[in-house]
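Single-letter residue listing:
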Amino acid sequence: GDSVTQMEGPVTLSEEAFLTINCTYTATGYPSLFWYVQYPGEGLQLLLKATKADDKGSNKGFEATYRKETTSFHLEKGSVQVSDSAVYFCAALIKAAGNKLTFGGGTRVLVKP
Amino acid sequence: SAVISQKPSRDICQRGTSLTIQCQVDSQVTMMFWYRQQPGQSLTLIATANQGSEATYESGFVIDKFPISRPNLTFSTLTVSNMSPEDSSIYLCSERAGPQETQYFGPGTRLLVL
């Protein structure tokens, strides 16, 4: 069935390190893809999105490219800050799933000074 | 994106009681949803709130336990009925302007059931 899989956390990094969170999807067709971020004690915020193959979403120094060949949408940031400590969720809007937003399991990221 | 607010932001409730959570969106939206996020987990869709008609529930969720109202295009409520400690979760309201549009989330209601 349709699903989104992302790497498990927690991921612990030092400030200014490079961050990658892997995300792959299984779906019929080409879903729209999203990364959401949940800071401690808050709701979900949209971080970035891509709606078609080869699109690159970017925001706040984060980037992700929609790779049709590998059905992936990996999140990257070149130099993380303590304030990037949060839980990151990959999600896919899949038409075949009744246009429902399907989430990955979430990846907790902890950035240490 | 619309601004979404939820009330209450958090609550501590006794077993067997019910809590109604309100969701207000600052503009008219086509689609509204309710999600549950259990501690340390991802989000699970409870139901789609349909304006002027009964909500559409996902597998594992029933109207008697989670009655939902949506009287207009900007407001919805979710009631968690006859609560037990297993209902302790974050409940999030969400909206989407259209079937292929970006989906946005409210700040969540943090519920602890004792």
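Structural data are supplied above this passage.
Per chain, residues are indexed from 1 in the order of the written sequence. Lettering for chains starts from A, numbering for ligands starts from 1, and both go in the order in which the items are written. For this predicted model, a pLDDT threshold of at least 70 governs which residues receive local features, and a threshold of 80 or more governs which side-chain atom pairs are given and counted, while totals over whole chains, interfaces and linings are taken from all residues. As a rule here, side-chain values cover all heavy atoms of the structure and leave hydrogens and water aside.

Section: the overall build of chain B
The condition that has to hold: Helix and strand assignments come from DSSP, with helices taken as H or I runs of at least 4 residues and strands as E runs of at least 2, each series counted from the N terminus. The quantity called the radius of gyration is restricted to C-alpha atoms. Its globule counterpart is 2.2 Å times the number of residues to the power 0.38.
Regarding its fold elements, chain B presents zero helices and eleven strands. Reading chain B from its N end, one meets helices and strands in the order β-β-β-β-β-β-β-β-β-β-β. Taken against the 2.2 N^0.38 rule, which gives 13 Å for 114 residues, the C-alpha radius of gyration of chain B at 13 Å falls within 12% of a compact globule. Judged by the C-alpha coordinates and their principal axes, chain B covers about 40 × 25 × 20 Å.

Some words on the side chain of Arg110 of chain B
The test is simple: Using a 1.4 Å probe on the protein chains alone, a residue whose accessible area is under 20% of its type maximum counts as buried, one over 50% counts as exposed, and one in between counts as partly exposed. Only four residue types enter the charge count, namely Lys and Arg as positive and Asp and Glu as negative; His and the chain termini do not. Salt bridge criterion: a side-chain nitrogen from Lys or Arg within 4 Å of a carboxyl oxygen from Asp or Glu. By the criterion applied in these results, polar contacts are pairs of N or O atoms within 3.5 Å in which, for protein atoms, one can donate a hydrogen and the other can accept it, and in which residues neighboring in sequence qualify only through two side-chain atoms. In this description, contact between two residues means that some pair of their heavy atoms is separated by no more than 4.5 Å.
Tracing the backbone through its elements, the reader meets Arg110 of chain B in strand β11 (residues 109–113). Buried within the structure, Arg110 of chain B lacks any salt-bridge partner; Glu42 of chain A is the closest side chain of opposite charge, at an N-O distance of 7.7 Å. Within the local environment of Arg110 of chain B, its side chain forms a polar contact with the backbone oxygen of Gly41 of chain A, the two atoms lying 3.1 Å apart. Here Pro107 of chain B takes part through its backbone oxygen, which lies 3.2 Å from a polar atom of the side chain of Arg110 of chain B. Residue contacts for Arg110 of chain B: discarding those within four places in its chain leaves Gly41, Glu42 and Gly43 of chain A together with Ser9, Arg10, Asp11, Ser89 and Ile90 of chain B.

Observations concerning the pattern of salt bridges
All names here are of chain A. Across all of its chains, the model carries five salt bridges over all chains by this definition. With a closest N to O distance of 3.4 Å, Asp55 and Lys52 form a salt bridge. The salt bridge involving Lys77 is made with Asp84; its shortest N-O contact spans 2.8 Å. Take Lys77 and Asp84: they sit in the same class, and that class is buried.

Remarks on the sheet that holds strand β1 (residues 4–7) of chain B
Residues and elements named next belong to chain B. Short version of the rule: When DSSP finds two or more bridges between a pair of strands, those strands are recorded as paired. Only C-alpha atoms enter the line fits that serve as axes; for helices the fit covers just the stretch in contact. Angles between N-to-C directions range over 0 to 180 degrees.
What the four strands build is an open sheet, ordered β1-β3-β8-β7; its pairing is antiparallel. Of all the strands in the sheet, just β1 and β7 (68–72) have a single pairing partner and so form its edges. Along the sheet, successive strands turn relative to each other by an average axial angle of 15°, direction set aside. Pairing of strand β3 (residues 19–25) with strand β8 (residues 75–80), which is carried by six bridges, proceeds in the antiparallel orientation. Note that in β8 the partner of Cys23 across the bridge is Ser76.

Some details on the state of the cysteines
Residues and elements named next belong to chain A. Heads up, the rule is: A pair of cysteine sulfur atoms is labelled a disulfide when the two atoms are within 2.5 Å.
Applying the stated criterion to the full structure yields two disulfides over all chains. A sulfur-sulfur distance of 1.9 Å marks the disulfide that ties Cys23 to Cys90. What sets the handedness of the Cys23 and Cys90 disulfide is the S-S torsion sign, and at about -70° it is left-handed. Remark: Cys90 occurs in strand β10 (residues 86–94) and Cys23 occurs in strand β4 (residues 23–26); sequence separation between them is 67 residues. Taking relative accessible area as the criterion, Cys23 reaches 2% and is therefore assigned buried. Given the relative accessible area of 0%, Cys90 is considered buried.

A word on the environment of Tyr25 of chain A
Residue and element names in this part refer to chain A. Relative to the elements of secondary structure, Tyr25 occurs in strand β4. In this structure, the C-alpha to C-alpha distance between Tyr25 and Ser3, residues 22 residues apart in sequence, is 5.7 Å. Apart from the residues within four sequence positions on either side, Tyr25 is in contact with Ser3, Val4, Pro31, Leu33, Tyr66, Lys68, Thr71 and Ser72.

What about the sheet that holds strand β9 (residues 75–77) of chain A?
Residue and element names in this part refer to chain A. Here we have four strands laid out as an open sheet, ordered β3-β9-β8-β7, and antiparallel in their pairing. Every other strand in the sheet has two partners, leaving β3 (19–21) and β7 (56–59) as the edge strands with one partner each. Here the average twist between neighbouring strands, direction ignored, is 15°. Alignment of β3 against β9, held across three bridges, turns out to be antiparallel. In the sheet register, Ile21 faces β9, and the bridge partner there is Leu75.

Re unusual backbone geometry
Residue and element names in this part refer to chain A. The omega angle of the peptide bond from Gly9 to Pro10 is 0°, so this bond is cis rather than trans. In this fold, Pro10 is placed in the loop between β1 (3–6) and β2 (11–14). Even without glycine at this site, Glu16 takes up a positive phi of about 75°. When you line up the elements, Glu16 lands in the loop between β2 and β3. Residues other than glycine seldom take positive phi values, yet Thr71 does so here, at roughly 40°. Structurally, Thr71 is set in the loop between β8 (62–65) and β9.

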